Amino acid sequence: MRSAQISRKTAETTISVEINLDGSGTYDNKTGVGFFDHMLDQLSRHSLIDMTVRCDGDLHIDDHHTVEDVGIALGQALVSALGDKRGIRRYGDCLLAMDDALVRTALDLSGRPYLVWNLDLPTQKIGTFDCELVREFFQAFSTHGGITLHVDALHGINSHHIAEAAFKSVARALREAVESDPRKADAIPSTKGML
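All values reported here derive from a predicted model rather than from experimental measurement.

1. What about the overall build of the protein?
On a plain count of helices and strands, the protein comes out with 4 helices and 10 strands. Across the protein, helices and strands are ordered from the amino to the carboxyl terminus as β-β-β-α-β-α-β-β-β-β-β-α-β-α. Taken against the 2.2 N^0.38 rule, which gives 16 Å for 195 residues, the C-alpha radius of gyration of the protein at 16 Å falls within 12% of a compact globule. With respect to the three principal axes, the spread of C-alpha positions in the protein is 45 × 40 × 25 Å. Residue burial in the protein is summarised as follows: out of 195 residues, 51% are buried. Relative to all contacts within the protein whose residues are 6 or more apart in sequence, the contacts with residues 24 or more apart total 75%.

2. Side note on helix H1 (residues 34-47)
Given a rise of 1.5 Å per residue, 14 residues ought to cover 20 Å, and the 20 Å separating the end C-alpha atoms of H1 matches this to within 8%. Burial analysis of H1 places 10 of its 14 residues in the buried class, the great majority of the element. Among all positions of H1, only Phe35, Phe36, Asp37, Met39, Leu40, Asp41, Gln42, Leu43, Ser44 and Ser47 are buried. One or two positions beyond H1, positive phi appears at Leu48, with a value near 65°.

3. Describing the sheet that holds strand E2 (residues 13-20)
With mixed pairing, the 4 strands of this open sheet are ordered in space as E1-E2-E4-E3. The open sheet has two free edges, formed respectively by strand E1 (3-9) and strand E3 (27-30), since each of these has just one partner strand. Between one strand axis and the next, the sheet turns through 5° on average, direction left out of account. Note that E3 and strand E4 (residues 50-57) share 4 bridges and pair parallel.

4. Description of the sheet that holds strand E5 (residues 91-98)
The strand order across the open sheet built from 4 strands is E5-E6-E10-E7, with neighbouring strands paired in mixed fashion. Two strands lie at the open edges of the sheet, namely E5 and strand E7 (114-118), each paired on one side alone. Going from strand to strand, the sheet's axes swing by 10° on average, the running direction of each strand aside. Pairing of strand E6 (residues 101-108) with strand E10 (residues 148-155), which is carried by 7 bridges, proceeds in the antiparallel orientation. Within E10, the position partnered with Ala106 by the bridge is His150. Along the sheet face, helix H4 (residues 159-178) touches E5, E6 and E10 and points at about 150° away from the line of E5.

5. Overview of the state of the cysteines
This structure, assessed with the given rule, holds 0 disulfides. The closest cysteine sulfur to the non-disulfide-bonded Cys55 is located on Cys131, 20 Å from its own sulfur. Taking relative accessible area as the criterion, Cys55 reaches 10% and is therefore assigned buried.

6. Here we look at the nonpolar core
Formed by 58 residues in total, the largest nonpolar core has its most connected members in Ile19, Val70, Leu74, Leu78, Leu109 and Phe137. Ranked by residues supplied to this core, first place goes to H4 with 11 residues. Apart from the residues within four sequence positions on either side, Leu78 is in contact with Ile19, Leu21, Leu109, Phe141, Gly145, Ile147, Leu174 and Val178.

7. What to know about the pairing of E4
Looking down a regular strand, the side chains alternate between one sheet face and the other. As paired elements, E2 and E4 share 8 bridges and run antiparallel to each other. Residue Ser16 lies in a different strand from E4, and its bridge partner there is Arg54. Viewed along the sheet, the connection from E3 through H1 into E4 turns out left-handed.

Here is what the cut-offs are and how they apply
Residues numbered from 1 in each chain as written. Predicted model: local features only at pLDDT ≥ 70, side-chain atom pairs only at ≥ 80, totals over all residues. Heavy atoms only, no water. Helix = DSSP H or I, 4+ residues; strand = E, 2+ residues; numbered from the N terminus. Rg over C-alpha atoms; globule rule 2.2 N^0.38 Å. Buried < 20%, exposed > 50% of the residue type's maximum accessible area, 1.4 Å probe, protein only. Contact = heavy atoms within 4.5 Å. Expected span 1.5 Å × (residues − 1). Pairing = 2+ DSSP bridges. Axes fitted to C-alpha atoms, helices over the stretch in contact; angles between N-to-C directions. Disulfide = S-S within 2.5 Å. Core = buried A, V, L, I, M, F, W, Y, C linked by side-chain atoms within 4.5 Å. Right-handed = clockwise from strand over helix to strand, strands pointing away.

As structure tokens, then:
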């Protein structure tokens, strides 16, 4: 099974992450940030990646370090679980509708991190959650996961819907990218011979 466990401890956060790329989308995420846990649950459920996340962060300051550092740890776990990336599809995309929101994601598990982010949230907060942290999570995840990631919001008026559509869209694209390619199950998906 393609799985990984990552532990990360800094002066700001203590994190443990477990993922299984060949799972069924079961999740158990507890970061102390309610909306973020809800988004991580969506990421797991719609990617079919089993995910357990624990984070004890400096929430007395704000949610920033918790969200960013979980993105770092999840990216590192993805890299570890993928190994040499032999047999994966590598690319994934999704156009996802959620009520008023329509979000498009395209990604490449290239090993070359790059984030293109065209997603504006109309409010500063979703409940008590700072909306700018949605981008911070995906920046950390793409950087440490070696993902070329493009996320575009094509429509949307409700911040919760737009943010949730982004997590679900990335999840569905990730599901496609990590899946086995039945026509090339023993090959590295690159003419370079490595990713």
